Amino acid sequence: MSSKPGWREIPIGAVLLEPGSSVKVRTGDWRTFKPIIDQSKCVRCLLCWIYCPDASIKVIDVNGKVDHVEIDYEHCKGCGICERVCPRNAITMKPEGE
């Protein structure tokens, strides 16, 4: 007889069983490439923020206006979507550790 759990004992995949638990997992550790923003090229169109699948683009407001955007490296997985959608080439993917 097998000691492996049956299908009924295995938790459902891709389901958050505890509210807010995704914040506890630092998924940025999986990354091999990281996005770097050149603030001098950024026009704050926020396409990177719209398309980021991990909500890792943070919009920084000053006095009610968008001042700049930042990357939440604790959760960014380095997929590169932000680089591809940036119309001003303000985001470049660099090898992690560079």
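All of these numbers come straight from a predicted model, not from anything done at the bench.

*Asks:* Sorry if this is basic, but what is going on with the overall build of the protein here?
*Replies:* Check the secondary structure of the protein and you find 2 helices and 4 strands. Along the protein, helices (α) and strands (β) appear in the sequence β-α-β-β-α-β when read from the amino end. Over its C-alpha trace the protein gives a radius of gyration of 18 Å, far above what one expects of a compact globule, namely 13 Å for 98 residues. In terms of principal-axis extent, the alpha carbons of the protein reach across some 65 × 30 × 20 Å. For the protein, buried positions account for 27% of its 98 residues. The long-range fraction of contacts in the protein, counting pairs at least 24 apart against all pairs at least 6 apart in sequence, stands at 64%. When the accessible area of the protein is evaluated, it comes to approximately 7,400 Å², of which 56% is carbon and sulfur surface. Separation between the mean location of the 14 positive side-chain charges and that of the 13 negative ones in the protein comes to 4 Å.

*Asks:* Got a minute to help me understand the nonpolar core in this structure?
*Replies:* When a protein is soluble and globular, its nonpolar side chains tend to lie buried together. Residues Ile-37, Cys-48, Ile-57, Val-69 and Ile-91 are the most contacted members of the largest nonpolar core, which totals 13 residues. Setting aside its immediate chain neighbours within four residues, Ile-91 contacts Pro-35, Ile-36, Ile-37, Cys-48, Cys-82, Glu-83 and Cys-86.

*Asks:* Explain the environment of Val-23 here, please?
*Replies:* Mapped onto the fold, Val-23 is located in the segment before strand E1 (33–37). Through-space distance from the C-alpha of Val-23 to that of Glu-83 is 24 Å; in sequence the pair is 60 residues apart.

*Asks:* What exactly am I supposed to notice about the environment of Gln-39 here?
*Replies:* Take Gln-39: it is sitting in the loop between E1 and helix H1 (47–51). In sequence terms Gln-39 and Glu-70 are 31 residues apart; their C-alpha atoms lie 9.3 Å from each other. Not counting the four nearest positions on each side in its chain, Gln-39 is found in contact with Arg-44, His-68 and Val-69. In this structure the side chain of Gln-39 is engaged in a polar contact, spanning 2.8 Å, whose partner is the backbone oxygen of Val-69.

*Asks:* Please clarify how the packing of aromatic side chains should be interpreted in this entry.
*Replies:* One pair of aromatic rings is described through two measures. These are the centre distance and the angle between the planes. A complete count under the given rule lists 0 aromatic pairs for this structure. Geometry around Tyr-73 places Lys-34 over its ring, the cationic atom sitting 4.5 Å from the centre.

What counts as what
Counting restarts for each chain: residues are numbered from 1 in the order of the written sequence. Note on the predicted model: pLDDT of at least 70 is required for a residue's local features to be given, and 80 or more for side-chain atom pairs to be given and counted; whole-chain, interface and lining totals, by contrast, use all residues. Each side-chain value is worked out from all heavy atoms of the structure, with water and hydrogens disregarded. A run of H or I in DSSP counts as a helix once it spans at least four residues, and a run of E counts as a strand once it spans at least two, with each numbered from the N terminus. The quantity called the radius of gyration is restricted to C-alpha atoms. Its globule counterpart is 2.2 Å times the number of residues to the power 0.38. A 1.4 Å probe rolled over the protein chains alone gives each residue an accessible area, and that area as a share of the maximum for its type sets the label: buried under 20%, exposed over 50%, partly exposed in between. In this analysis, two residues are considered to be in contact whenever any of their non-hydrogen atoms come within 4.5 Å of each other. In this description, accessible areas are obtained by the Shrake-Rupley approach with a 1.4 Å probe, and a residue is regarded as covered only by the protein chains that are shown. Think of it this way: Lys and Arg go in the positive column, Asp and Glu in the negative one, and His and the chain ends go nowhere. One atom stands in for each charge, and that atom is NZ of Lys, CZ of Arg, CG of Asp or CD of Glu. Residues grouped as a nonpolar core are buried Ala, Val, Leu, Ile, Met, Phe, Trp, Tyr and Cys residues, joined through side-chain atoms within 4.5 Å. By the criterion applied in these results, polar contacts are pairs of N or O atoms within 3.5 Å in which, for protein atoms, one can donate a hydrogen and the other can accept it, and in which residues neighboring in sequence qualify only through two side-chain atoms. Aromatic rings from Phe, Tyr and Trp, with only the six-membered ring used for Trp, were paired whenever their centres fell within 6.5 Å, and each pair was classed as stacked if the ring planes differed by under 30 degrees, edge-to-face if by over 60, and tilted otherwise. Two conditions define a charge sitting above a ring: the NZ of Lys or the CZ of Arg must be within 6 Å of the ring centre, and it must be within 35 degrees of the ring normal.

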